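Remarks on the overall topology
In case you want the letters, here they are:
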Amino acid sequence: MRKVVYSGIVLVTGLAPALAVDPTGDWKVADGVANIRVAQCNGSMWGAVAWEQTPGGRDIHNPDVSKQNRPSLGMPILIDMKKKPGTDAWEGQVYNAKDGQFYSSTIKPVDADHLEIQGCVLGFLCGGETWTRVAPPIPSSPANSMAKGGPTTPSAAPKAAAAKPAAAPKTTGSVNPAAKGQKQATAQPADQVGDICLLPDIAGFSH
């Protein structure tokens with residue numbers, strides 16, 4: 001009898017699906033100089049600078065002269081990341097503000113509090129780093145979850161947060177300041193970026 005009960009427990013445990021980790025939210029980069037806000041914008045993951053350790057930075061290394069004076073705060077870093085079928089990873093481009101270049105990139109949650117980012121140049125010179133979560137996942141709106149190519153994984157955010165009115169009905173790029181962790185609130189008491197899906201460099205591309 002004990003053997004039968006034990007086998008049943010193993011079977012039930014084996015059938016339980018693993019919960020996918022939501023990559024949205026604010027993440028501190030490895031060297032701690034900036035936080036990147038990741039959000040789903042019309043079916044793709046985008047990331048933009050939501051906080052910087054040294055305020056007033058500019059995109060001085062951008063090869064486009066017209067963009068060299070744009071603020072680094074709010075600047076898109078993760079570009080149009082598409083979910084890889086059958087995996088918890090997204091592929092697209094990453095913008096490296098240190099040299100003004102775009103690189104092929106993949107982001108993949110390691111666990112609920114860590115996001116791994118990998119970037120390559122022409123298939124070699126690959127490198128990566130791990131970012132640490134500093135704000136919770138961003139609730140997905142019904143309009144955006146139905147966007148063509150949008151991820152089907154439900155958001156890990158609490159239902160109560162999803163019920164709050166969004167800044168814009170078709171975007172999911174803002175973090176509720178009240179829901180931010182104490183560490184994030186200390187580093188940046190006022191949210192200067194808001195819904196990244198509404199940023200001109202992202203809205204013009206993803207809508």
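Focus on the environment of C126
For C126, the location among the structural elements is in strand β8 (residues 124–133). For the pair C126 and S105, spaced 21 residues apart in sequence, the C-alpha separation works out to 9.5 Å. In contact with C126, other than residues within four places in its own chain, are G119 and C120.

Some thoughts on the nonpolar core
Membership of the largest hydrophobic core comes to 19 residues, with the highest contact counts inside it found for I36, I77, L78, I107 and W131. Elements that contribute at least two residues to this core include exactly β2 (34–41), β3 (44–52), β4 (76–83), β5 (90–96), β6 (101–111) and β7 (114–121). Setting aside anything within four residues of it in sequence, one finds I107 in contact with L78, M81, D88, A89, W90, L115, E116 and I117. Core analysis: the next-biggest nonpolar cluster, separate from the first, contains eleven residues, A39, W46, I79 and I202 among them.

Points about the pairing of β4
Where β3 lies against β4, three bridges are found, and the strand directions are antiparallel. When the bridges of β4 are listed, M45 appears paired with M81. One ladder, built from four bridges, connects β4 with β5; its direction is antiparallel. The residue bridging K83 from the neighbouring strand is W90, located in β5. Linking β4 back to β5 in an antiparallel pair, the connection comprises six residues, with G86 at a positive phi of about 75°.

Examining the environment of W51
Structurally, W51 is set in strand β3. In sequence terms W51 and A190 are 139 residues apart; their C-alpha atoms lie 9.9 Å from each other.

Section: the environment of V193
Position of V193 among the secondary structure elements: in the loop between α4 (182–187) and α5 (200–206). Residues V193 and V49, spaced 144 residues apart in sequence, show a C-alpha to C-alpha distance of 8.2 Å.

Comments concerning the pairing of β6
Looking at chain direction, β5 and β6 are connected through seven bridges and run antiparallel. Residue pairing across strands places Y95 opposite F102, the latter belonging to β6. Between β5 and β6, which pair antiparallel in sequence order, lie four residues; one of them, G100, sits at a positive phi of approximately 70°.

Rules behind the numbers
Along each chain, residue indices are assigned from 1 in the same order as the chain's sequence is written. The model is predicted, so local features are restricted to residues of pLDDT at least 70 and side-chain atom pairs to those at 80 or more, both for listing and for counting; the totals for chains, interfaces and linings are taken over all residues. Calculation of side-chain values draws on the structure's entire complement of heavy atoms; hydrogens and water are dropped beforehand. Secondary structure follows DSSP: runs of H or I at least 4 residues long count as helices, runs of E at least 2 residues long count as strands, and numbering of each begins at the N terminus. The contact criterion used is simple: two residues touch if any of their non-hydrogen atoms lie within 4.5 Å. As used in this record, nonpolar core signifies buried Ala, Val, Leu, Ile, Met, Phe, Trp, Tyr and Cys residues forming a set joined through side-chain atoms within 4.5 Å. Relative accessibility decides the category of a residue: with a 1.4 Å probe and only protein chains considered, values under 20% of the type maximum give buried, values over 50% give exposed, and everything between is partly exposed. Should DSSP find at least two bridges between two strands, the strands are regarded as paired.

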